[in-house]
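Letter by letter, the chains look like this.
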Amino acid sequence: MNRIPTKAGTREWLGLAVLALPALLTSIDVSVMILALPRIATQLGADSAEQLWIMDIYGFLIAGFLITMGTLSERVGQRKLLIIGGTVFGLASLLAAFSQNVEMLIVARAILGISGATLFPTTFALVSHLFQDQKQRSFALGLYMTFCMGGMALGPLVGGAMLEYFWWGAIFLPAVPVMIILLTVAPFLLPEFRNPEAKQIDLWSVLLSLGTILLVIYGVKEIAKDGFQLVSIVVMIIGIVLGILFIRRQKQVTNPLLDLRLFSNSVFRVSLGGMFSITLTGAFMLFVSQYFQFVQGLSPLQAGLWTLPSVIASMLGSFFAPLIARRIRPAYLIAFGMIISMTGMLFVFQLTVTSGLAIVVIAHILFNVGASPLTSLSSGLVAESVPQEKVGSAGSMLQTSGELAFAVGIATIGSLGTAVYRHQITDYLPAHLPPKTVQSVQESIAGAVEVAKRLSNSIGSELLSNAYHAFINGMIAVSLVCGLIYVMIAFVFLKQMRHILPIGTPQDSKDYQKQYPVT
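Residues numbered from 1 in each chain as written. Predicted model: local features only at pLDDT ≥ 70, side-chain atom pairs only at ≥ 80, totals over all residues. Heavy atoms only, no water.

Draft legend 1. Spatial organisation of the side chain of Ser341. Tracing the chain through its elements places Ser341 in helix 12 (residues 330–348). A relative accessible area of 0% means that Ser341 is categorised as buried. In this structure Ser341 touches Leu366, Phe367, Gly370, Ala371 and Tyr486, once residues within four positions along its chain are discounted. (Helix = DSSP H or I, 4+ residues; strand = E, 2+ residues; numbered from the N terminus. Buried < 20%, exposed > 50% of the residue type's maximum accessible area, 1.4 Å probe, protein only. Contact = heavy atoms within 4.5 Å.)

Draft legend 2. Quick peek at the nonpolar core. Within the largest apolar cluster, 154 residues are counted, with the highest numbers of intra-cluster contacts made by Phe284 and Met475. Considering every element that reaches this core, the biggest residue donor is helix 17 (residues 457–496), with 15 residues. With residues near it in sequence (within four places) discarded, Met475 still touches Phe284, Phe287, Val288, Tyr291, Val348, Leu351 and Val360. (Core = buried A, V, L, I, M, F, W, Y, C linked by side-chain atoms within 4.5 Å.)

Draft legend 3. Summary view of the confidence of the model for the protein. With 90% of its residues at a pLDDT of 70 or more, the protein has an overall mean of 79. Per-element confidence in the protein is highest for helix 12, whose mean pLDDT is 91, and lowest for helix 18 (residues 510–515), whose mean pLDDT is 47. (pLDDT = per-residue confidence, 0-100.)

Draft legend 4. Representation of helix 12 within the structure. The end-to-end C-alpha separation of helix 12 is 28 Å, in line with the 27 Å expected for 19 residues at 1.5 Å each. Within helix 12, burial applies to Pro330, Ala331, Leu333, Ile334, Ala335, Gly337, Met338, Ser341, Gly344, Met345 and Val348. Buried-residue contacts for helix 12 involve helix 9 (266–280), helix 10 (283–295), helix 11 (300–324), helix 13 (358–385) and helix 17. (Expected span 1.5 Å × (residues − 1).)

Draft legend 5. Molecular detail of a nonpolar patch on the surface. There is a patch of nonpolar side chains on the surface, built from Ile312, Leu316, Phe319, Phe320, Leu323, Ile324 and Ile328 and spanning about 570 Å² of accessible area. Here Ile328 lies in the loop between helix 11 and helix 12. Of the residues examined, Ile328 reaches a relative accessible area of 34% and is grouped as partly exposed. (Patch = residues over 30% accessible without salt bridge, like charges linked within 9 Å, V, L, I, M, F, W, Y side chains within 5 Å. Areas by Shrake-Rupley, 256 points an atom, 1.4 Å probe, with all protein chains shown as cover. Salt bridge = Lys/Arg side-chain N within 4 Å of Asp/Glu carboxyl O.)

Draft legend 6. Empty space enclosed by the protein, seen in detail. Evaluated as defined, the whole model comprises one cavity of 30 Å³ or more. Empty space within the largest cavity amounts to approximately 30 Å³. Taken together, Thr26, Ile62, Leu66, Gly116, Phe120, Gln399 and Glu403 make up the full set of residues lining the largest cavity. Looking at the lining of the largest cavity, the elements that each hand over two or more residues are helix 2 (48–76), helix 4 (102–130) and helix 14 (391–426). Taken together, the residues of the lining of the largest cavity break down into three nonpolar, three polar and one charged. (1 Å grid on protein atoms, 1.4 Å probe; cavity = no way out; pocket = protein on both sides within 12 Å on 5 of 7 lines; lining within 4 Å. Points joined across faces, edges and corners; volume = space filled by probe spheres on them. Nonpolar A, V, L, I, M, F, W, Y, C, P; charged D, E, K, R; others polar.)

Draft legend 7. Helix 11, seen in detail. Between the first and last C-alpha of helix 11 there are 36 Å, a value that for 25 residues agrees with the 36 Å anticipated at 1.5 Å per step. Roughly 35° is the biggest bend found in helix 11, and it falls at Leu308, with proline Pro309 one to four residues downstream. Restricting attention to buried positions, one finds in helix 11 the residues Leu301, Ala303, Gly304, Thr307, Ser310, Val311, Ala313, Ser314, Gly317, Ser318, Ala321 and Pro322. (Bend = angle between axes of the 7 residues up to and from the residue.)

Draft legend 8. Geometry of the environment of Ala108. Mapped onto the elements of the fold, Ala108 is located in helix 4. Look at Ala108 and you get buried, because its relative accessible area is 0%. Distance in space between the C-alpha atoms of Ala108 and Ala92 is 5.4 Å, their sequence separation being 16 residues. The residues touching Ala108, leaving out its near neighbours within four places in the chain, are Ala92, Leu95 and Ala96.

Draft legend 9. Layout of the packing of helix 10 against helix 13. The contact between helix 10 and helix 13 brings their axes to 11 Å, and the two run at 155°. In terms of their interaxial angle, helix 10 and helix 13 are classed as roughly antiparallel. Crossing of helix 10 against helix 13: the hand is left-handed. Residue-level contacts link Phe284, Met285, Val288, Tyr291 and Phe292 of helix 10 to Val360, Val361, Ala363, His364 and Phe367 of helix 13. Residues that form the contact of helix 10 with helix 13 fall into these classes: nine nonpolar, one polar and no charged. (Axes fitted to C-alpha atoms, helices over the stretch in contact; angles between N-to-C directions. Parallel < 35°, antiparallel > 145°, perpendicular 65-115°, else oblique. Left-handed = near helix turned anticlockwise from the far one by under 90°.)

This is the structure in structure tokens:
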């Protein structure tokens, strides 16, 4: 007779609340820096290269160390590694907040990235271990992923509010009380879990993994920024070669850093691929942010407030998706969500220079609420598809794929929108502009807005009108590609995952097979 899983109680739900906060912080940290960087550059005197290091070093190192930390957690203990990583993250946040120069801030951001890489795989795995009942685990992981994804959306709002009233370093300070709470209650609320059969970590695998991810993401970012330059292409090729060597080594060693056998499970593959694909479309959110600030002329704080409806929609979708999936097969619910997101992209097709905020706000709401079943349910599907001792590694792969997908999405989908903007604005530039001014206008809508301020009223107004028109067409192109991706995700889940029964249903339930036949 199968043992009935123990239902979670108050202690477990409190543990979930504690684990969700670090996940929220690490995702907020990425987007909040976009707002703070201009002020940091002014006050610390950072040049363009140093600004890139300040901005990118965190994301690079968090992505580079995720797989390593996921495997390390199985060896040293997930709660233990979480406490160590949380302590370092809190101290590094203080160091960043009170940095006196650029070098100090870059070092602090690097430490934040490495310690931040311990937080996602350990918190993800501990949530899975806290909730043994499948229904409760799916619901808990859905809430957890809401915090993970919500951080990116809340970043501009939190950053805008803090920069409105405090100095730039204040954006790092919320991490300190959160980590103090984590360190205080973790020993009492969270279980310790380690894999007794875990072996010594293979150092060469760590180096190859780190080199692969760092070089590929760096190359992708450079291509997105400067196009296909020789250096970025060479870096990408080296990263891909290291990736091939990494995969070959994982097949040969007895203690692989990445257990490739996990990919033999179709549920794991499709869920991971779905999360990768949906994160590719994160480029749309960047265009929404730019539309609010540069086309509508809103302040960062105002722009953040207008993203609140979509954040609330995402949270509601993530809350209800696991509950609905107890009655409807996950594949059907995810596919229906993709149709909703695609509808949001169709709204963008109606956008014009004089449309106002309504169309973009509605499109952003539909985008987020439609994506929420996938982001909410995929985490549970991943956790259910791997052995308990591999949940940390699976979580690290889930987050790594997201980091890589976001960079690839900006480099491809985002660059497509920029290319459309650049092509159209070039045909409508005022005559006799200096080459540097022309370049500034062509680079981005932000550059066009700044240049228009320095021109006469009639010429500046005409330039702005043309720039807005070109930017909106670029945004429509991005929406088209995103819509096609949603169709692809819906098709794959309906084809590959419709055999998965509603959450909590025994796989051999004949009565349920009659009630919910596969069609």
